[in-house]
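Analysis of the macromolecular model
Chain residues, written in single-letter form:
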Amino acid sequence: QVQLLESGGGLVQAGGSLRLSCAASGRTFSSYRMGWFRQAPGKERAFVASISRSGGSTYYLDSVKGRFTISRDNGKNTVFLQMNSLKPEDTAVYYCAARVGLAVSRLQADYQYWGQGTQVTVSS
């Protein structure tokens, strides 16, 4: 079992930056593959980024490549999402998720543990 708590959301102007954090407690954090998902108003929750257990492999939604960076600090049981050049279409609730499995995944169903989410609002 692992508990996840996101922080760092807020209101920012287009072109600005935010850094989301997700602190994990419970089982050994380094045993989990981690992901970030987001749910925009009126839309289904969607994949944003994922990272391997060591942090050596990362994957991104095409529309955030070059703007967002996922990273992790296993010593601090934390995964991060650095978001730069934010756009109004990035407005959503952002969720952190943890996966016990053989590989990094973009599928929500593959993640067993979820945080409560943090709101990110980008104004134009």
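Now for a description of the structure that goes with this document. Predicted model, so just to flag it, every value in this text is computed and none were measured. Along every chain, residues carry numbers that run from 1 in the direction the sequence is written. Only residues with pLDDT of 70 or above have their local features reported here, since the model is predicted, and side-chain atom pairs are shown and tallied only from 80 upward, although totals for entire chains, interfaces and linings are computed over all residues. The basis for every side-chain value is the complete set of heavy atoms in the structure, and neither hydrogens nor water enter the calculation.

On to the pattern of salt bridges, then. The salt bridge definition used is simple: a Lys or Arg side-chain nitrogen within 4 Å of an Asp or Glu carboxyl oxygen. This model, assessed by the stated rule, comprises three salt bridges. For Asp90, the salt bridge goes to Arg38, with nearest N and O atoms at 2.9 Å. Linking Asp90 in the loop between strand 8 (78-83) and strand 9 (92-99) with Arg38 in strand 4 (residues 33-39), this pair joins segments that are 52 residues apart in sequence. This pair shows no difference in class: Asp90 is buried, exactly as Arg38 is. For Asp90, the salt bridge is made with Arg67, and the minimal N-O distance between the two is 2.7 Å. Placement of Asp90 in the loop between strand 8 and strand 9 and of Arg67 in the loop between strand 6 (58-60) and strand 7 (68-73) is noted, with a sequence separation of 23 residues between them. Residue Asp90 shares its accessibility class with Arg67, and that shared class is buried. One network of salt bridges, with partners in common, ties together Arg38, Arg67 and Asp90. What counts as a helix is a DSSP run of H or I of at least four residues, what counts as a strand is a run of E of at least two, and both are numbered from the N terminus. Remark: exposure states derive from per-residue accessible area (1.4 Å probe, protein chains only) relative to the maximum for the residue type, with buried under 20%, exposed over 50%, and partly exposed in between.

We call a pair of cysteine sulfur atoms a disulfide whenever their separation is within 2.5 Å. One pass over the full model with this rule turns up one disulfide. Between the sulfur atoms of Cys22 and its disulfide mate Cys96 the distance is 2.1 Å. Between Cys22 and Cys96, the S-S dihedral sits near -75°, and the bridge is therefore left-handed. On the criterion of sequence distance, the pair formed by Cys22 in strand 3 (residues 18-26) and Cys96 in strand 9 is long-range, its members being 74 residues apart. Given the relative accessible area of 0%, Cys22 is considered buried. The exposure class assigned to Cys96 is buried, which follows from its relative accessible area of 0%.

All right, on to the nonpolar core then. Counting 30 residues, the largest nonpolar core has Leu4, Met34, Trp36, Val79, Leu81, Met83 and Tyr94 as the members making the most contacts within it. Secondary structure elements with two or more residues in this core: strand 1 (2-7), strand 3, strand 4, strand 5 (46-51), strand 7, strand 8, strand 9 and strand 11 (118-123). Between two residues, a contact is recorded if the distance between any of their heavy atoms is within 4.5 Å. In this structure, Met83 is in contact with Gly16, Ser17, Leu18, Leu20, Arg67, Phe68, Tyr94 and Val120, ignoring residues within four places of it in sequence. Joining through side-chain atoms within 4.5 Å is the link that ties buried Ala, Val, Leu, Ile, Met, Phe, Trp, Tyr and Cys residues into a set, and such a set is a nonpolar core.

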